[in-house]
Amino acid sequence: MVAYLECGPLDKVDLCQCETATKRLFCARAVNSKALNMEFVRQVSRMLHEEHMAALLLLERLESALHRTGRSELPDMADNDFLRLMGDLKAGIEAEISNHFAFEEKELFPCLRKAGDGGMVDLLCEEHKAILPLGHRLAELAHSVRSGSLTIDDWGTFHRLGGEFVERLRSHIDKEEIGLISSVEGTIDEEEDMHLAEQYAYSR
Ligand SMILES: [Fe+2]
Ligand SMILES: [Fe+2]
């Protein structure tokens with residue numbers, strides 16, 4: 001059984017994991033998203049959830065950086081935390097988030113479609129199509145920041161796209177944490193779960 005409990009808004013993402021013999025309990029707290037306590041039966045749910053929480057952490061860091069520096073002033077290029085964020089953003093989008101979306105689309109969504117969840121899958125695929133190109137443009141601009149070639153116009157673009165990326169991806173994750181994960185828990189059987197978890201592990 002999957003239990004969702006609202007804990008209210010919190011000022012920091014905090015992920016803790018407790019294992020029982022057959023189930024794992026996660027307590028996830030996220031800024032501006034529903035905080036959920038979940039018990040997972042399926043490995044693939046846990047893997048998706050962990051990556052969603054890592055992505056929310058990245059979004060939280062990006063949002064803070066955008067709040068610290070307005071779009072009409074260049075960021076402090078001597079700020080190591082900011083430069084680290086640019087590197088993490090580029091790697092996170094080009095590797096983790098791209099792989100995560102590809103796994104969902106190629107491996108997981110076809111199983112859910114077969115189980116009758118085609119409407120939800122179509123909506124999530126549409127969101128992927130909007131989020132991924134935005135992310136790739138953001139990753140290119142993050143690279144310009146690190147290489148020292150960022151102009152004030154580039155930063156203005158980064159600021160605008162970054163805000164949109166935070167909003168879209170956070171909303172997408174909220175939907176998946178509630179709808180997708182409960183669908184996985186309810187429709188994927190143990191054998192399918194093992195196969196999907198293996199596929200997912202290979203794709204990382
Ligand atoms: Fe996802
Ligand atoms: Fe997704």
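Just so it is clear, the structure is predicted and the values come from calculations on it, not from any experiment.

1. Digging into the overall build of the protein chain
Within the protein chain one finds five helices and three strands. Counting the 204 residues in the protein chain, one finds 27% classified as buried.

2. Regarding the confidence of the model for the protein chain
Of the residues in the protein chain, 81% have a pLDDT of 70 or more, and the chain-wide mean is 84. pLDDT under 50 marks residues 1-35. Its contacts with residues more than four places away, or in other chains, come to 65 contacts.

3. Regarding the packing of helix 1 (residues 43-68) against helix 2 (residues 80-114)
Working note: a packed helix pair is described by the angle between its axes plus the distance between those axes. Running from N to C, helix 1 and helix 2 point in directions that differ by 150°, and their axes come no closer than 10 Å. For helix 1 against helix 2, the interelement crossing comes out left-handed. The residues of helix 2 that touch helix 1, namely those facing Val44, Glu51, Ala54, Ala55, Leu58, Arg61, Leu62 and Ala65, are Phe82, Leu85, Asp88, Leu89, Gly92, Glu96, Ile97, His100 and Leu108. Tallied by class, the residues present in the contact of helix 1 with helix 2 amount to eleven nonpolar, two polar and four charged.

4. Points about the nonpolar core
One recurring pattern in soluble globular proteins: nonpolar side chains tend to sit buried together. One finds Ala55, Leu59, Leu89, Leu138 and Ala142 to be the most contacted residues of the largest nonpolar core, which totals 20 residues. Counting 15 residues, the second-largest nonpolar core is a separate cluster that includes Phe103, Leu124, Ile181 and Leu196.

5. Focus on helix 4 (residues 152-187)
The end-to-end C-alpha separation of helix 4 is 50 Å, in line with the 52 Å expected for 36 residues at 1.5 Å each. Most pronounced at Glu176, the bend in helix 4 amounts to some 40°.

6. Regarding the packing of helix 1 against helix 4
Where helix 1 contacts helix 4, the axes come no closer than 10 Å and their chain directions differ by 160°. Compared by their axis directions, helix 1 and helix 4 come out roughly antiparallel. Crossing of helix 1 over helix 4 shows left-handed handedness. Taking contact as the criterion, the partners of Val44, Ser45, Leu48, His49, His52, Ala55, Leu56, Leu59, Leu62, Glu63 and Leu66 in helix 1 are, on helix 4, His159, Gly162, Gly163, Val166, Leu169, Arg170, Ile173, Glu176, Glu177, Ile181, Val184 and Glu185. Here the contact of helix 1 with helix 4 is composed, by residue class, of twelve nonpolar, six polar and five charged.

7. Examining the environment of Asp174
Mapped onto the fold, Asp174 is located in helix 4. Accessibility expressed as a C-beta count within 10 Å gives 17 for Asp174, which makes it partly exposed. With 122 residues separating them along the chain, Asp174 and His52 place their C-alpha atoms 8.9 Å apart.

8. Remarks on the environment of Glu39
Locating Glu39 in the fold gives a position in strand 3 (residues 36-40). Separated by 146 residues in sequence, Glu39 and Glu185 have C-alpha atoms that sit 9.8 Å apart.

9. Some points on the environment of Gly163
Along the chain, the position of Gly163 falls in helix 4. Here Gly163 falls in the partly exposed class, since 15 other C-beta atoms lie within 10 Å of it. Considered as a pair, Gly163 and His67 are 96 residues apart in the sequence and their alpha carbons are 9.6 Å apart.

The rules we used
- Residues numbered from 1 in each chain as written.
- Chains lettered and ligands numbered in written order.
- Predicted model: local features only at pLDDT ≥ 70, side-chain atom pairs only at ≥ 80, totals over all residues.
- Helix = DSSP H or I, 4+ residues; strand = E, 2+ residues; numbered from the N terminus.
- Buried ≥ 20, exposed ≤ 12 C-beta atoms within 10 Å, placed from the backbone.
- pLDDT = per-residue confidence, 0-100.
- Contact = placed C-beta atoms within 7 Å.
- Axes fitted to C-alpha atoms, helices over the stretch in contact; angles between N-to-C directions.
- Left-handed = near helix turned anticlockwise from the far one by under 90°.
- Nonpolar A, V, L, I, M, F, W, Y, C, P; charged D, E, K, R; others polar.
- Core = buried A, V, L, I, M, F, W, Y, C linked by C-beta atoms within 7 Å.
- Expected span 1.5 Å × (residues − 1).
- Bend = angle between axes of the 7 residues up to and from the residue.
- Parallel < 35°, antiparallel > 145°, perpendicular 65-115°, else oblique.

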